[in-house]
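Next come the chains, spelled out residue by residue.
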Amino acid sequence: MQAAPSNIKTLPVSEILDGARKGNLPFLKRLCDLAKENFTLDKLDVLINHIVSIERTRVPVGLKQADAGWMSFLALSDLRRWILVNPSLRGQTVKRIKSALRAVEYWAHWSIRSYHESYVDGKFFPEMKTDSQATACLNTARVFYELMVVDDELFDAMKDSKDTLDLALIWWTATQNLEPPIIACQIASLDKDFSRGDLLTEAFFELAAQNPKGVAQALLSERICDVDLFTKRTIQRMRMALKLEYISEPGYIAPGPKIENRFIQTVVEVTNNLLGADPRIAQSLINARAPGIFMEVLSAISKRMVKEYERRARLVDKSALERMAKVVLRPTECVVTWATCVSRPLFPTILDVLDNGLIEMLGECVSIKLKSVTVEHADSLPIILRTFNRVWSAYPKILPTLFREYSKHLHTAALKHGYNAELTDAIMPVYLGMKNHSQYLKHKNRVDVCDNLNHYEVRDQTLKVRLPPKTCSRCHAVLYCSKSCQEEDWIHRHGNECEKMYAEYLEHNHDDTWYSSNMRSFQLSIILYKYEIRAPLQGLGAGVQGGGKQVAIMDMTSPLQMKFEMLDEFIKKTSSLIPKYKQKRYNDLITRFRESRTTAGDDDGSPESRFSDSRLMDGIFRFGELNAHLLVLFRRSRERGLSGLNPHQKNELNQLLSDGFLNHNPKNSKSDFDVECSLVYFSPFINTQPFKTWARAKYPIG
């Protein structure tokens, strides 16, 4: 490096500019210092000229060019400070840097590639063996982070660039001493609780949040790394949250100085966005137990938070505790969604999340919430709790474990500290639902299921005992109460659909994507349970209004009321969702409902009126990434007093009335229904993308 003149600090700016243009490093360094104090476009032009010198060759042609270009590149890390000094030059500054953006990317790649240890057989090697190698990686991230957050126009030009996306993957996968390097930085955030983060994580997050599909494509191209390495580094980064000790005191009381608050948030959001960008990335993360490991970290952070609360309860500003709810609850919402919406296989993934303290952690959050005032991110809590409904209603074998954990930790915590209205709305419906529907884990308590549409005409009336249902031995998709019903349905319907159902069975039976007959009988029992409570109280009558038949529609994972659609409108919406091989069964079911007679008044007990009223209901359950619809045709068997409600139904009825979900006063009657027949079809979950992508903030300068 050239020696600096002794009087360089007193030289006029014009001489500094001339020396810097010639590549004199002391003059160039002095120019960078002057730009921090008095930024002008002529100073920027000198730096840009040195940066674009690499544009044609992509590598510096000599040591002098390399030193001058690299110093000019590093000077861009002061971009926000320059604009703060002279805001009027923001537009011109961004325009000049944007014109040199490709050259900026070339310098970044060159700085990493210049170390032969960084590449093995032409492939990027993520382990940084020297401090200078690590410094080069961190410097490129610092420069690019400044460019990304200073202006939306500049960021838009960067986020779709292949070279920038490749750099982002280098930042994410690089390690030092076999661990991801962590360096605290002041981030561009309007939230004072998350004012500090990790530089490499923040730089990668900006791109993953705004262009997840572009990052996914760069990852799948394997120019930098494969999906499995990316997954490994993602899990390593999450675990690093437990090792961050830059400040001796935990940061949950005064979170500003700490970086793990923001660190956890960004790692989860990065994973969240890329899970939704490509199923191959999602499957790799699920196979590596990412939901369970993330839950383990969040649970540990929650315990640390509660311990700090108990130790300093009298000294704590309650608003600080409230803000900390988003450190745990928002990421937990994402983790629960991964486990319930994108997992294959789903059952062991959910158990892994439960075993790593999900319910206990929620109980801790509830305890703190009840001891303080309104939690800022409390909306995550009911979302997580409603997700449990999605799990156990679609996968009944998870219900015993889930209910045990829920009762032990979450329900107990709320009882101990006293329910408030918000928590009652969130916790109690889920608790009652799991408690009431546990009865259907026993097959003897479930409704009779027979897929023969003419079941009541064909069945053997002499049978006095309930026989186990018969399943088609080939497709395993249909159930019959007797051999005579099986033979009848084979002739009219199942003979034409069995082969297609068998193909579906072979395709999906190896994982949790097979919708089994056991699952259907469990869900039919839930539908009947809820329908018998709600139908009379909501004035449904016989399903007829304005001279036309109505279809009742209810999302079975929420406590909301039923909706109703006219039959013709319902057919228009659903007919395209029915597979061709099920069309005849669907049409026959609709015809049976359309032609059914309705009676008014009380049942007289006669055989004619016993099966005169039919009701059609579309019960909606979540099934992974889909909505599973059970289209059920009910027969009203009789009317009886409310004394006919079983204890579980009485409890739920009282809860619904007290919560205002039912707007009609109970009548002194309750309809008993039989399931005449049912049909399963699927539709895309309206919120198939369950991940909340963060909107890009308007970052402050300074």
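Since this is a predicted model, take the numbers as computed values, not measurements. (Residues numbered from 1 in each chain as written. Predicted model: local features only at pLDDT ≥ 70, side-chain atom pairs only at ≥ 80, totals over all residues. Heavy atoms only, no water.)

### A closer look at the overall build of the protein chain
Alright, step 1. Each helix and strand counted, the protein chain has 29 helices and 12 strands in total.
Alright, step 2. Considering the protein chain as a whole, with its 702 residues, one finds that 57% of them fall into the buried category.
Alright, step 3. A separation of at least 24 residues holds for 76% of the contacts in the protein chain among residues at least 6 apart in sequence.
Alright, step 4. Carbon together with sulfur atoms contributes 51% to the accessible area of the protein chain, which is approximately 29,900 Å² in total. (Helix = DSSP H or I, 4+ residues; strand = E, 2+ residues; numbered from the N terminus. Buried < 20%, exposed > 50% of the residue type's maximum accessible area, 1.4 Å probe, protein only. Contact = heavy atoms within 4.5 Å. Areas by Shrake-Rupley, 256 points an atom, 1.4 Å probe, with all protein chains shown as cover.)

### Some thoughts on the state of the cysteines
Alright, step 1. For the structure on display, the rule yields 0 disulfides.
Alright, step 2. Free cysteine: C475, not disulfide-bonded; nearest cysteine sulfur from C472 at 3.6 Å.
Alright, step 3. A residue is classified by how much of its surface remains accessible, and C475, at 0% relative accessible area, is buried. (Disulfide = S-S within 2.5 Å.)

### Some details on the nonpolar core
Alright, step 1. F144, W171, F204, L362 and F388 are the most contacted members of the largest nonpolar core, which totals 172 residues.
Alright, step 2. With 11 residues, the top contributor of residues to this core is helix α8 (residues 131–150).
Alright, step 3. Sequence-distant contacts of F144, that is, excluding residues within four places in its chain, are made with F73, V104, E105, A108, M158, T164, L167 and W171.
Alright, step 4. Y586, L616, L631 and L633 belong to the second-largest nonpolar core, a separate cluster that totals 17 residues. (Core = buried A, V, L, I, M, F, W, Y, C linked by side-chain atoms within 4.5 Å.)

### Here we look at the confidence of the model for the protein chain
Alright, step 1. Confidence in the prediction of the protein chain, expressed as mean pLDDT, is 77, and 73% of residues score 70 or more.
Alright, step 2. Counting interchain partners and residues more than four positions distant, the pLDDT-below-50 stretch residues 538–542 has 14 contacts.
Alright, step 3. Taken together, the stretch residues 601–612 has pLDDT below 50 and engages in 19 contacts with residues farther than four places along the chain or on a different chain. (pLDDT = per-residue confidence, 0-100.)

### A look at the packing of aromatic side chains
Aromatic ring pairs are defined here through the distance separating the ring centres and the angle between the ring planes.
Alright, step 1. Tallying each qualifying case throughout the model produces 16 aromatic pairs.
Alright, step 2. Centre to centre, the rings of F39 and W82 are 5.1 Å apart; their planes meet at 5°, and the pair counts as stacked. In this pair, F39 sits in the loop between α2 (25–37) and α3 (41–52) while W82 sits in helix α5 (residues 79–85), placing the two residues 43 residues apart along the sequence.
Alright, step 3. For W82, a relative accessible area of 1% puts it in the buried group.
Alright, step 4. Feature note: the residues W70, F73, W107, W110, F144 and W171 constitute an aromatic cluster, connected by ring pairs.
Alright, step 5. Here the basic side chain of R237 rests over the ring of W172, its NZ or CZ set 4.8 Å away from the ring centre.
Alright, step 6. A cation sits over an aromatic face here: K549 above F593, 4.8 Å from the ring centre. (Phe/Tyr/Trp six-rings, centres within 6.5 Å; stacked < 30°, edge-to-face > 60°. Lys NZ or Arg CZ within 6 Å of the ring centre and 35° of its normal.)

### Brief notes about the side chain of R622
Alright, step 1. Position of R622 among the secondary structure elements: in strand β10 (residues 614–623).
Alright, step 2. Within polar-contact distance, the side chain of R622 engages the side chain of D555 at 2.8 Å.
Alright, step 3. At 2.8 Å, the side chain of R622 and the side chain of N627 are in polar contact. (Polar contact = N/O pair within 3.5 Å; in protein donor to acceptor, adjacent residues only side chain to side chain.)

### Let's talk about the pattern of salt bridges
When the charged atoms of two side chains lie near each other, side chains of opposite charge can form a pair.
Alright, step 1. If you walk through the whole model with that rule in mind, you get 29 salt bridges.
Alright, step 2. A salt bridge links E565 to K573, with the nearest nitrogen and oxygen atoms 2.5 Å apart.
Alright, step 3. With relative accessibility at 18%, the residue E565 sits in the buried group. (Salt bridge = Lys/Arg side-chain N within 4 Å of Asp/Glu carboxyl O.)

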